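Chain by chain, the residues run as shown.
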Amino acid sequence: MGRYVIQRLLGMLAVMFVVVTIVFVIVRIAPGDPAAVMLGPDATPQDIAALRGRLGLDRPLLIQYVIFLAQLVRGDLGESIFLNQPVLSALADRAEPTFFLTLFSILIAALIAIPIGVISAYKRGSLFDQTATTLAMLAASVPSFWLGLLLIQFFAVRFGFFPVSGYGGPGASFGTRLVHLVLPAFALGIVSSALILRFTRASMLDVLNDDYVRTARSKGMGEFRVVMKHAFKNALIPVLTVIGLTAALLVSGAVVTETVFGLPGVGSLVVSAVLRRDYPIIQGALLIIAALYVLINFLIDMLYLAVDPRVRY
């Protein structure tokens, strides 16, 4: 077990090194000069050249890369060109809306998808199963931003149950901010539930016909206990995998939803950074998201041990 954890940690470092290199190269070869964007259309070539020198953008890419790696080792993601503050600080200021939006979205997706997926597999071929499968395919085809606009139109504009956009004022309470996250969380959660539902159904179908399930039934055990204790528990590993991947996708995929609902999260910060060619913000956000992907995969692997004692590393 300890050896496996060490191997995984070394593998995570190798993956992050590759990600760091790719992110650095992609950001640098993107069209547009951040110095020219900062100074505006009236800037002279001399002003642009001077600013590029101050930002270190006139150095060879290899030198910039070495400096970037040295900063990462020290835990320094650089300083935002436009915000005039450290990248980590800028991301931390925007992390709360994105974190809770992702958390509530995955909870909503799991609460919708897992019960329906279990029942759909148990009632395979029934009207409920066919309806659930059709709705799952429909939900997977609906863009989250379009669903978000519909939710705003009905539940915010027409009925006034929830705020249209924003995250509350600077002095807003935590409860008020959570209310602002209800609609965007449902917009992301409903779309994300489709994949979890289909995996839950497929995984349950694989185990419902296994010998140990038939044995449990032959002993007179109740159906609910057979399905939940024997079948669902053994079908849980693929479900955990897809939930973990969905959570990681929601972190990176919340950009459009945050824009639609006017949430001051990491997604909206990245959008503004792309428009301004704010290299440090873009790099920092991409690296944080990549690190979350790697970390979530690692945690899911460790969770397998708690869910299924047959798993050994």
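**Some remarks on the overall build of the protein**
1) Next: Scanning the protein from terminus to terminus reveals 13 helices and 0 strands.
2) Next: Along the chain direction, N to C, the helices and strands of the protein fall in the order α-α-α-α-α-α-α-α-α-α-α-α-α.
3) Next: Looking at the protein as a whole, 41% of its 313 residues qualify as buried.
4) Next: Restricting to contacts in the protein with at least 6 residues of sequence separation, those with at least 24 account for 75%.
5) Next: Summed over its atoms, the accessible surface of the protein is roughly 16700 Å², and 69% of this surface lies on carbon and sulfur atoms.
6) Next: Taken as two groups, the 24 positive and 17 negative side-chain charges of the protein have centres that lie 10 Å from each other.

**With respect to the nonpolar core**
1) Next: Residues Leu-101, Ile-114, Ile-196, Met-204 and Ile-243 are the most contacted members of the largest nonpolar core, which totals 52 residues.
2) Next: Among the elements of the structure, helix H5 (87–122), helix H6 (127–141), helix H7 (144–158), helix H8 (174–208), helix H9 (211–218), helix H10 (223–234), helix H11 (236–261) and helix H13 (279–307) are those that each provide at least two residues to this core.
3) Next: The greatest single-element share of this core, amounting to 12 residues, is contributed by H8.
4) Next: If sequence neighbours within four positions are ignored, Ile-196 has contacts with Ile-106, Ala-109, Ala-110, Ala-113, Ile-114, Val-242, Ile-243 and Thr-246.
5) Next: Core analysis: the next-biggest nonpolar cluster, separate from the first, contains 20 residues, Phe-24, Tyr-65, Ala-273 and Tyr-279 among them.

**Some remarks on the packing of aromatic side chains**
1) Next: Under the criterion given, the structure shown has 6 aromatic pairs.
2) Next: Taken together, the ring pairs connect Phe-99, Phe-100, Phe-104 and Phe-174 into an aromatic cluster.

**Considering the pattern of salt bridges**
Pairing between side chains of opposite charge can happen when their charged atoms approach one another.
1) Next: A complete count under the given rule lists 2 salt bridges for this structure.
2) Next: For Glu-96, the salt bridge identified is with Arg-177, shortest N-O distance 3.4 Å. Of this pair, Glu-96 sits in helix H5 while Arg-177 sits in helix H8, placing them 81 residues apart in sequence.
3) Next: Arg-201 is paired through a salt bridge with Asp-129; the nearest N and O atoms lie 2.7 Å apart. Remark: Asp-129 occurs in helix H6 and Arg-201 occurs in helix H8; sequence separation between them is 72 residues.

**With respect to the side chain of Thr-102**
1) Next: Examined against the element boundaries, Thr-102 turns out to sit in helix H5.
2) Next: The contacts of Thr-102, once residues within four sequence positions are left out, are Ala-247, Leu-250 and Val-251.

**Some remarks on unusual backbone geometry**
1) Next: Residue Asn-84 is not a glycine yet carries a positive backbone phi of 55°.
2) Next: Inspection of the secondary structure assignment puts Asn-84 in the loop between helix H4 (61–73) and H5.
3) Next: Of the residues examined, Asn-84 reaches a relative accessible area of 59% and is grouped as exposed.

**Notes on the side chain of Thr-246**
1) Next: Mapped onto the fold, Thr-246 is located in helix H11.
2) Next: Since its relative accessible area comes to 5%, Thr-246 is described here as buried.
3) Next: Polar side-chain contacts of Thr-246 include one of 2.6 Å to the backbone oxygen of Val-242.
4) Next: Beyond its immediate sequence surroundings of up to four residues, Thr-246 is in contact with Ile-106, Ser-192, Leu-195 and Ile-196.

**Some words on a nonpolar patch on the surface**
1) Next: Together, Phe-145, Trp-146, Leu-149, Leu-150, Phe-154, Phe-155, Phe-159, Phe-161 and Val-256 make up a nonpolar patch on the protein surface, roughly 850 Å² of accessible area in all.
2) Next: As for its placement among the helices and strands, Leu-150 is situated in helix H7.

Conventions used here
- Throughout this description, residue numbers start from 1 for each chain and increase along the sequence as written.
- Only residues with pLDDT of at least 70 get local features here, since the model is predicted, and only at 80 or more are side-chain atom pairs given and counted; chain-wide, interface and lining totals rely on the full set of residues.
- Just so you know, side-chain values use all the structure's heavy atoms and leave hydrogens and water out.
- Secondary structure elements follow DSSP: runs of H or I of four or more residues count as helices, runs of E of two or more count as strands, with numbering from the N terminus.
- Accessibility here uses a 1.4 Å probe with only protein chains present; expressed as a share of the type maximum, an area under 20% marks a residue as buried, one over 50% as exposed, and anything in between as partly exposed.
- We call two residues contacting when some pair of their heavy atoms lies within 4.5 Å.
- All accessibility values rest on the Shrake-Rupley procedure with a 1.4 Å probe; residue burial counts only the protein chains present in the view.
- Note on charges: Lys and Arg go in the positive column, Asp and Glu in the negative column, and His and the chain ends are not counted at all.
- Taken as the charge location is NZ of Lys, CZ of Arg, CG of Asp or CD of Glu.
- Definition used in this section: a nonpolar core is a set of buried Ala, Val, Leu, Ile, Met, Phe, Trp, Tyr and Cys residues joined via side-chain atoms within 4.5 Å.
- When two rings of Phe, Tyr or Trp (its six-membered ring) have centres within 6.5 Å they constitute a pair, described as stacked for plane angles under 30 degrees, edge-to-face for angles over 60, and tilted for the intermediate range.
- We count a salt bridge whenever a side-chain nitrogen from Lys or Arg sits within 4 Å of a carboxyl oxygen from Asp or Glu.
- Polar contacts, as used here, are pairs of N or O atoms within 3.5 Å; protein pairs need one atom able to donate a hydrogen and one able to accept it. Residues neighboring in sequence count only if both atoms are side-chain atoms.
- For patches, a residue must show more than 30% relative accessible area and have no salt bridge; joins then use 9 Å for like charges and 5 Å for nonpolar side chains, namely Val, Leu, Ile, Met, Phe, Trp and Tyr.

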